[in-house]
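Structural characterization, general
Chain by chain, the residues:
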Amino acid sequence: MNRLNYDFHTMDSSIEASIQDEDYCYGFSEKEGELWIPFLSFPITQTCNFRCVYCGDGGEATASEKGLISIEDIEKIVQIAASKGIKKFRITGGEPFTHPDIDKILELMNNFGFFTLINTNGSLISKYHSVIEKLNDNFHFAVSFDTLNPEMLKTISGTSLHKEVLKGIHILNEYGLLMRLNTVVTSYNYGEIIDIVNLCKRLNCDLKLLDVVSVPVPFGHRNSIYQEISTLETTFAETCDDILFHEYTRGFGTPCRRYRFDNVYVTIKNSIKGSHYDLEGDDAICNKCPYYPCHEGLYDLFA
């Protein structure tokens, strides 16, 4: 099968900071062409070696009916999805590298050759060094990275694996597979964001900032760590080199802006902006969903 690996930011364009997101997105829910086909996510396991304070027990797999997705099911679903025109896939969890067959899953997606994004906390990467070094350039990794402070990582994740996370990040960077770091902005790490941007400059990778969200389980104690990020967006707009609109989110998911600082593009996913939903008609996807309104909306499909 031919490798299909394309940049999902090809259509992003510079905008003025004064443009309102709702004005830019209004009337643009109908997409045409392969760029606008949703991607498919596999929350392959509910197991995780971190216990992050902002996360559900199974991470993105919290709402999944399966604690583990088999490699046979992944292969079958990828083939069906590809026949429908889907060309981007995402592997998430829990922590994907706790799946007993993660090496085989990576090999499978490597052979398919489709754009594959792996969401990981990075702490187990070094144990799979021999697998990582064989991956093609259709693979991209997004590593959760919430703090530069090992002691703060204990507070946020309940682990002392800061050194292992950094080692995993550098391994991925060595093989050109590190696409970005993902940082959930909380009251714990708000003061570190500029330092994390500078880390990304040194790594020559991008950064995605997200606020704490309540889906798929209620906020509960997470109210105490919530940190608004609208002020951060205002600051970035005044200090960055360029502002781009994340074109893919113009009609899917939460509208996002990308702020360029030298060689780093910082995407901010601010949940107060809402999302895109399918609510009209008897076959509307979001109408009967028990998790509506979620922060993802129509952004991607979950297996």
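As shown above, the structure is provided for reference.
A word on the pattern of salt bridges. Overall, the coordinates contain 7 salt bridges when judged by the stated rule. With a closest N to O distance of 4.0 Å, Lys76 and Asp73 form a salt bridge. In this pair, Lys76 and Asp73 are both assigned in helix H2 (residues 71-83), 3 residues apart and thus about one turn of the helix distant.

Our focus in this paragraph is the sheet that holds strand S10 (residues 264-269). Pairing between sheet strands relies on hydrogen bonds along the backbone, with the strands arranged either parallel or antiparallel. Spatially, 11 strands are ordered S1-S8-S9-S10-S7-S6-S5-S4-S3-S2-S11 in an open sheet, and the strand pairing comes out mixed. Every other strand in the sheet has two partners, leaving strand S1 (13-14) and strand S11 (300-302) as the edge strands with one partner each. Set on the sheet, H2 makes contact with strand S2 (39-43) and strand S3 (88-92); between it and S2 the angle comes to about 170°. Across the sheet, helix H7 (residues 193-203) is in contact with strand S6 (178-185), strand S7 (206-211), strand S9 (257-261) and S10; its angle to S6 comes to roughly 175°.

In terms of burial, strand S4 (residues 115-120) is a largely internal element, 6 of the 6 residues being buried. As paired elements, S3 and S4 share 4 bridges and run parallel to each other. Paired with Lys88 across the bridge in S4 is Phe115. The sheet contact formed by S4 and strand S5 (residues 139-144) spans 5 bridges and is parallel. Bridging from a neighbouring strand, Thr116 pairs with Phe139 of S5.

Calculation notes
- Residues numbered from 1 in each chain as written.
- Predicted model: local features only at pLDDT ≥ 70, side-chain atom pairs only at ≥ 80, totals over all residues.
- Heavy atoms only, no water.
- Salt bridge = Lys/Arg side-chain N within 4 Å of Asp/Glu carboxyl O.
- Helix = DSSP H or I, 4+ residues; strand = E, 2+ residues; numbered from the N terminus.
- Pairing = 2+ DSSP bridges.
- Contact = heavy atoms within 4.5 Å.
- Axes fitted to C-alpha atoms, helices over the stretch in contact; angles between N-to-C directions.
- Buried < 20%, exposed > 50% of the residue type's maximum accessible area, 1.4 Å probe, protein only.

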